Amino acid sequence: MTKLSISLGQMNIKLGQVDQNFDRAEQLIEGASQSASDIVILPELWTTGYDLENAMTYADELHAGSFARLSALAEEYRVAIYGSVLERANGAALNCAALHAADGRLAGAYRKIHLFRLFDEHLWLGEGESPTALDLPWGMTGLSICYDLRFPELFRRYAVKDRAKLILLCAEWPLARVEHWRALLKARAIENQLFVAATNACGETGETAFGGHSMLIDPWGQVIVEGGEDEELLTAEIDLDEVDRVRQSIPVFEDRRPDAYL
C-alpha cells in the first residue's frame, strides 16, 4: 500500500466540554469515512483543550474512557484515527497521541516529549520519554505533537533511524504564531524528505485563539492542501513512493557528516 488518503479534521475545541467535543469529532470522522480516507487526524487535546488544572479529572487509562470511545469510532467508521487526549499513567496525566487502526485496534501511542511551558504543561503533565515510529500498512510513520515541531532532532531521528516516510502531528498552535507553524512544517518536510500531515485547532478555546492552517506537505516542501482559520475537513491522497524518488534525487542522508557535528 503506497497510496494513502489522509483527512485533517480541523476543529474548534470547547474548553473542558468532552462530550461536545466528541460529537464534533465524530462528525469529522464520519466525513473522513465518507471520503474513503484511510486515516483522519484530529488536533491536540481535542477532547478538553488546555484545561490542565483539571487534567487528572479528564485523564483515562490507555484502553479506557476516551481511548475506548476512539477505538469504537474507528471500528464503526472503518477509518484510522490519530490525535491526542489526556492519559492517566503512573499517577500522572500525559499528553498522549494514540493511533487507532480502522478495525479499532490500538496501533501505538506517543506521549509528548517536549512540554510547552507557555501553557504550563510542565506544571500539570508528565513528560514522554521516547519517540514512537509505527510500521503501518502504508509504511513507517513517526508520531509527534505540537511543540515537538520546534525540535528538528525528533524529526531527523524518525527520518534517519526509523526511515519514516510520513510524520503525523496534532496541535493546538496559537494564531499569534501561525506563520512559525507554516514555515516549520515545510522545513521539517524538506529537510527530512518525507510527508508531514498536521492538524491544528482553530478558533477561540478559553482565552487563546488557535491558528488553524492544517496542512499536508510533500517531501519537496510543496503544500498539497492547507486549511484556513475555521472548522473544516481537508482530504487528499498521497503516494508514499514519492519519498524514495526524492531521496534518490537529492541523497541528503548519504551526505550527512555526523562525525563532524554530533
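Computed from a prediction, not measured in an experiment: that's the story for all the values here. Residue numbering note: each chain is counted from 1, following its sequence as written. pLDDT decides what is reported in this predicted model: residues at 70 or higher carry local features, side-chain atom pairs at 80 or more are listed and counted, and totals for whole chains, interfaces and linings draw on all residues regardless. With hydrogens and water excluded, all non-hydrogen atoms of the structure serve as input to the side-chain values.

Engineer: Is there a simple way to think about the overall build of the chain in this case?
Structural biologist: When you go through the chain residue by residue, the secondary structure sums to 8 helices and 14 strands. For the radius of gyration, the atoms used are the C-alpha atoms, and the globule rule reads 2.2 Å times the number of residues raised to 0.38. Relative to the compact-globule value of 18 Å for 262 residues, the chain shows a C-alpha radius of gyration of 17 Å, a close match. Once the C-alpha set of the chain is aligned to its principal axes, its extents read approximately 50 × 40 × 35 Å. For every residue, the accessible area (1.4 Å probe, protein chains only) is compared with the maximum for its type, and the residue is labelled buried under 20%, exposed over 50%, or partly exposed between those bounds. Here the chain holds 262 residues, and the buried ones make up 56% of them. Relative to all contacts within the chain whose residues are 6 or more apart in sequence, the contacts with residues 24 or more apart total 70%. For the chain, the accessible surface area stands at approximately 10,900 Å², while carbon and sulfur atoms represent 45% of it. Numbering of helices and strands runs from the N terminus; a helix is a DSSP stretch of H or I covering at least four residues, while a strand is a stretch of E covering at least two. Here a residue-residue contact requires only that any non-hydrogen atoms of the pair lie within 4.5 Å. For every accessible area listed, the method is Shrake-Rupley and the probe measures 1.4 Å; residues are considered covered only by the protein chains on display.

Engineer: Help me understand the nonpolar core, please; the structure alone is not making it clear to me.
Structural biologist: Burial of nonpolar side chains together is a common tendency in soluble globular proteins. Ile-6, Tyr-82, Leu-166, Leu-168 and Trp-181 are the most contacted members of the largest nonpolar core, which totals 50 residues. At 6 residues, strand β8 (residues 166-171) tops the list of elements feeding residues into this core. Here, nonpolar core means buried Ala, Val, Leu, Ile, Met, Phe, Trp, Tyr and Cys residues that are tied together by side-chain atoms lying within 4.5 Å of each other.

Engineer: What is the right way to read the packing of helix α5 (residues 152-160) against helix α6 (residues 178-192) from this model?
Structural biologist: For any two helices packed against each other, one specifies the inter-axial angle together with the distance between the axes. Following both chains from N to C, one finds α5 and α6 inclined at 35 degrees, their axes separated by 10 Å at the closest point. Relative to α6, α5 is oriented so that their crossing is right-handed. Every residue of α6 that contacts α5 at Pro-152, Phe-155, Arg-156 and Ala-159 is listed here: Arg-188, Glu-191 and Asn-192. Residues were grouped as follows: Ala, Val, Leu, Ile, Met, Phe, Trp, Tyr, Cys and Pro as nonpolar; Asp, Glu, Lys and Arg as charged; and all remaining residues, including Gly, as polar. In terms of residue class, the contact of α5 with α6 is built from 3 nonpolar, 1 polar and 3 charged. Where helices are involved, their axes are fitted lines through C-alpha atoms of the stretch in contact, as for all axes, and angles between N-to-C directions lie from 0 to 180°. Helix crossings get a hand from a simple test, with the near helix turned counterclockwise from the far one by less than a right angle marking a left-handed crossing and a clockwise turn marking a right-handed one.

Engineer: Hey, could you run me through the pairing of β8 in this one?
Structural biologist: In summary, the side chains of a regular strand alternate between the two faces of the sheet. Among the 6 residues of β8, 6 are classified as buried, and the element is accordingly described as predominantly covered. Strand pairing requires that DSSP identify at least two bridges connecting the strands. Pairing analysis gives 5 bridges linking strand β7 (residues 139-145) to β8, with the strands arranged parallel. Bridge pairing links Thr-141 to Leu-166 in β8. Crossover β7 to β8 through α5 is right-handed. Throughout, right-handed denotes a crossover for which the path from the first strand over the helix to the second runs clockwise when the strands point away from the viewer.

Engineer: Help me understand the pattern of salt bridges, please; the structure alone is not making it clear to me.
Structural biologist: Think of it this way: side chains of opposite charge can pair up when their charged atoms draw near. The rule for a salt bridge is simple: a side-chain nitrogen of Lys or Arg has to be within 4 Å of a carboxyl oxygen of Asp or Glu. Inspection of the entire model under this criterion finds 13 salt bridges. Taking the shortest distance from any N to any O, the salt bridge between Arg-24 and Glu-231 comes out at 3.2 Å. Taken together, the residues span a long stretch of sequence, with Arg-24 in helix α1 (residues 18-34) and Glu-231 in the loop between β13 (223-226) and β14 (232-239) at a distance of 207 residues. Residue Arg-24 is classed as partly exposed on the basis of its relative accessible area of 22%.

Engineer: Looking at this model, I keep getting lost on the sheet that holds strand β3 (residues 80-89). Mind explaining?
Structural biologist: Pairing between the strands of a sheet comes from backbone hydrogen bonds, and it takes one of two forms, parallel or antiparallel. One open sheet holds the 6 strands; their spatial order is β5-β4-β3-β2-β1-β14, and the pairing between them is mixed. At either end of the open sheet lies a strand with only one pairing partner, and these are β5 (106-111) and β14. Between one strand and the next, the sheet's axes are offset by a mean angle of 30 degrees, whatever the strand orientation. The sheet contact formed by strand β1 (residues 3-10) and β14 spans 8 bridges and is antiparallel. The residue bridging Gly-9 from the neighbouring strand is Leu-233, located in β14. The strands that helix α3 (residues 65-77) touches are β3 and β4 (92-100); relative to β3, the one it contacts most, it runs at about 165 degrees.

Engineer: Even after reading the chapter, I still don't get the sheet that holds strand β12 (residues 215-217), so can you show me in this structure?
Structural biologist: The mixed open sheet is built from 6 strands, whose spatial order is β6-β7-β8-β9-β12-β13. Single-partner strands in this sheet number two, and they are β6 (133-136) and β13. If you compare each strand with its neighbour and ignore which way they point, the axes differ by 15 degrees on average. Here α5 sits on the sheet in contact with β6, β7 and β8, set at roughly 170 degrees to β7.

Engineer: So what exactly am I meant to see when it comes to the environment of Asp-162 here?
Structural biologist: Position of Asp-162 among the secondary structure elements: in the loop between α5 and β8. A C-alpha to C-alpha distance of 9.4 Å links Asp-162 and Thr-132, two positions 30 residues apart in sequence. Excluding residues within four positions of it along the chain, Asp-162 makes contact with Ala-133, Met-140 and Arg-157.

Engineer: Got a minute to help me understand α1 in this structure?
Structural biologist: Structurally, the α-helix is built with 3.6 residues per turn, so residues lying three or four positions apart point the same way. Its 17 residues give α1 an end-to-end C-alpha distance of 24 Å, which sits within 8% of 24 Å, the value for a rise of 1.5 Å per residue. Buried-residue contacts for α1 involve β1, β2 (39-41), α3, β3 and β14. Ala-36 occupies a position one or two residues after α1 and carries a positive phi of about 60 degrees. Between the first and last residue of a helix there are one fewer steps than residues, each counted as 1.5 Å, and that sum is the expected span.

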